[in-house]
Amino acid sequence: MRPSAAIEQLAIIGVGLIGGSLARALRNAGVVKTIVGGGRSEASLARARELGVIDRYELDLAAAVSGADMVVVGVPLGAMRSVFEAIAPGLRDAAIVTDVGSAKGSVVEDARAVFGEWPNFVPGHPIAGTERSGVEASFSELFQRRRVILTPLPETATAALQRVRWLWQATGAEVVEMSAAHHDEVLAATSHLPHLLAYGLVESLSRWDSSQEIFQFAAGGFRDFTRIASSDPVMWRDICLANREALSAALDRYTEDLARLAALVRSGDGQALEQVFQHAKQARDRFVAMLEP
Ligand code: NAP
């Protein structure tokens, strides 16, 4: 099949923020004929159909993927293996399966446990999202000018990889490839650690006696820093568990640096504090400039 041919039937298992946004983006790009949703709750699938995100849905996941040439699994990491098990009997031989999970080592383990070393499985992760969840929060521009990381395995077929690359490019994303282990290290530092810190800070402050007053007088900085603590707790529990090794290493490094920073505050070392802040500001300014078109 030529990589540019439209997808005849796309199955999306887990039509939430990411699955729903992908469906919308592919439909807008005119590269998919039929979209079938699969999931666990009829109410959200019915809502997805009502919104025009999917054409129809099936609660039986093997039925949802039967006849699909492309299957995207968009469920929380803790549900990946059971979803792979449920779809396996319905997959066509030529179907390509990909996922959008935020950690890759665990998904690869789950996929291999169910499918074996199967050439048509392509692990993926769009670096795009918001703190909102569910199909109501999905929108077609979510992936535009964002990166999608694919972590192909030694057994992954080039044609399957190219097809999934093409699918993401159709949404306006830039596709990069790396190993699953490298992905998990990088994302532990840039995404999983910041989420853990934001949840931890808000939870800690909420237990202080004066928490009502603290939140009442919290300004924009607090809101900016803690926005991601409004993300879905189940999803983030799963991410922290799935990537616990790399996340623990990132946490250890950060804890050491935080202890050094605390010592500077305690000793009143203004010069050293300013140096840390200067260095951080320069790094962030460079990073923000890099993101701008
Ligand atoms: P979401 O909006 O909560 O959507 C998850 C979907 O999966 C919902 O439709 C949910 O159905 C369904 N689901 C949950 N458990 C299921 C199960 N056991 N069997 C079948 N369906 C199930 O979450 P999301 O933000 O799209 O995240 C989905 C995946 O994308 C996760 O693996 C996450 O790591 C990854 N990801 C998220 C982001 C982000 O910023 N949000 C970014 C990149 C990647 P119900 O309606 O029944 O709950």
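Quantities reported herein were computed from a predicted structural model and do not represent experimental measurements. (Residues numbered from 1 in each chain as written. Predicted model: local features only at pLDDT ≥ 70, side-chain atom pairs only at ≥ 80, totals over all residues. Heavy atoms only, no water.)

**Observations concerning the side chain of Ser 140**
The condition is simple: Helix and strand assignments come from DSSP, with helices taken as H or I runs of at least 4 residues and strands as E runs of at least 2, each series counted from the N terminus. Nitrogen and oxygen atoms within 3.5 Å of one another constitute a polar contact, given that in protein one can donate a hydrogen and the other can accept it, and given that sequence-neighbouring residues count only through two side-chain atoms. Pairs of residues are marked as contacts when any of their non-hydrogen atoms sit within 4.5 Å.
Mapped onto the elements of the fold, Ser 140 is located in the loop between β7 (124-127) and β8 (147-150). Side-chain polar atoms of Ser 140 contact the side chain of Glu 141, separated by 3.1 Å. Apart from the residues within four sequence positions on either side, Ser 140 is in contact with Ser 21, Arg 24, Ala 25 and Asn 28.

**Overview of helix α7 (residues 180-206)**
Rules: Helix span, as expected, comes to 1.5 Å for every residue beyond the first. Two axes are fitted around each residue, one to the seven residues ending there and one to the seven starting there, and the angle between them is reported as the bend at that residue. Buried, partly exposed and exposed residues are distinguished by accessible area as a fraction of the type maximum, computed with a 1.4 Å probe on protein chains only: under 20%, between the cut-offs, and over 50%, respectively.
If you check α7, its first and last C-alpha atoms are 36 Å apart, about what 27 residues at 1.5 Å a residue would give, namely 39 Å. Helix geometry: α7 is bent most strongly at Ala 188, by close to 55°. Buried within α7 we find Ala 180, His 183, Asp 184, Leu 187, Ala 188, Ser 191, His 192, Leu 193, His 195, Ala 198 and Leu 205.

**Describing the sheet that holds strand β5 (residues 96-99)**
Which entries qualify depends on this criterion: Being paired, for any two strands, means DSSP has found at least two bridges between them. Working convention: axes come from line fits to C-alpha atoms, limited for helices to the stretch in contact. Angles between N-to-C directions cover 0 to 180 degrees.
Strand order in this open sheet of six strands is β3-β2-β1-β4-β5-β6, and the pairing throughout is parallel. What marks the edges here is a single partner per strand, and that holds for β3 (56-58) and β6 (121-122). Both strand β1 (residues 7-13) and strand β4 (residues 70-73) contribute to a ladder of four bridges, which runs parallel. Across the sheet, Ile 13 pairs through a bridge with Val 73, a residue of β4. Where helix α6 (residues 158-169) meets the sheet, its contacts fall on β1, β4, β5 and β6, and the angle it forms with β5 comes to roughly 55°.

**As for the nonpolar core**
To keep it simple, the criterion reads: Among buried residues, those of type Ala, Val, Leu, Ile, Met, Phe, Trp, Tyr and Cys that are joined through side-chain atoms within 4.5 Å constitute a nonpolar core.
In this structure, Leu 10, Val 15, Ile 54, Met 70, Phe 143, Leu 167 and Trp 168 are the most contacted members of the largest nonpolar core, which totals 37 residues. Secondary structure elements with two or more residues in this core: β1, α1 (17-29), β2 (32-38), α2 (42-50), β4, β8 and α6. Tallying contributions element by element places α6 first for this core, with six residues. Ala 11, Val 107, Ala 111 and Ile 239 belong to the second-largest nonpolar core, a separate cluster that totals 29 residues.

**Here's the deal with the site of the ligand**
Note the cut-off: What makes a residue near a molecule or strand is one non-hydrogen atom of that residue sitting within 4 Å of it.
Contacts to the ligand come from 27 residues, most closely from Arg 40, Ser 44, Val 75, Ser 102 and Gly 134. In this structure, an oxygen atom belonging to the ligand sits 3.4 Å away from a main-chain N or O atom of Val 15. Take Leu 17: an N or O atom from its main chain is 2.8 Å from an oxygen atom of the ligand. Those elements giving two or more residues to the shell around the ligand turn out to be α1, β7 and α10 (233-242).

**Digging into the environment of Ile 228**
As for its placement among the helices and strands, Ile 228 is situated in the loop between α9 (220-226) and α10. Along the chain, Ile 228 and Leu 51 lie 177 residues apart, while their C-alpha atoms are 26 Å from each other. Once residues lying within four places of it in the same chain are set aside, the contact partners of Ile 228 are Pro 194, His 195, Ala 198 and Tyr 199.

**Thoughts on a nonpolar patch on the surface**
Convention followed: Like charges are joined within 9 Å and nonpolar side chains (Val, Leu, Ile, Met, Phe, Trp, Tyr) within 5 Å, but only among residues with over 30% relative accessible area and no salt bridge; these make up the patches. Residue burial considers only the protein chains on display, and all accessible areas are found by Shrake-Rupley using a 1.4 Å probe. A side-chain nitrogen of Lys or Arg and a carboxyl oxygen of Asp or Glu constitute a salt bridge if their distance falls within 4 Å.
On the surface, a nonpolar cluster with roughly 370 Å² of combined accessible area is contributed by Phe 287, Met 290 and Leu 291. Turning to its location among the elements, Met 290 is positioned in helix α12 (residues 270-291).

**Section: helix α4 (residues 80-87)**
Here is the rule: This arc corresponds to the set of directions leading from the helix axis out to the C-beta atoms.
Restricting attention to buried positions, one finds in α4 the residues Met 80, Val 83, Phe 84 and Ile 87. Looking straight down α4, one finds that the buried residues subtend no more than 100° of arc, so they occupy a single side. Residues of α4 that are buried sit in contact with β1, α3 (61-65), β4, β5, α5 (105-115) and β6.

**Brief notes about the domain arrangement of the protein**
Think of interface size as the accessible area that goes away when the parts come together; that is how it is often given. We apply this condition: Domain segmentation is taken from an automatic or database assignment of domains. For any pair of parts, buried area is found by adding up, for both, the accessible area (1.4 Å probe) each one loses once the two are put together.
As assigned here, the protein comprises domain 1 (7-178) and domain 2 (183-291). Of note, the centres of domain 1 and domain 2, computed from C-alpha atoms alone, are 30 Å apart. Counting residues at the interface gives 16 residues for domain 1, matched by twelve residues for domain 2. Of the roughly 1,100 Å² buried between domain 1 and domain 2 on both sides combined, carbon and sulfur atoms contribute 66%. Joining domain 1 to domain 2, the criterion identifies one salt bridge. Arg 227 serves as the salt-bridge partner of Glu 131, at 2.8 Å between the closest nitrogen and oxygen. Here domain 1 is connected to domain 2 by six residue pairs in polar contact (both at pLDDT 80 or more).

**Structural notes on the sheet that holds β8**
The three strands are arranged β7-β8-β9 in an open sheet whose pairing can be described as mixed. Where the open sheet ends on each side, the last strands, each with one partner, are β7 and β9 (174-177). For this sheet, the mean inter-axis angle between neighbouring strands, taken without regard to orientation, is 25°. In this sheet, β8 lies alongside β7 in antiparallel orientation, the contact comprising four bridges. What sits directly across from His 125, in β8, is Ile 149.

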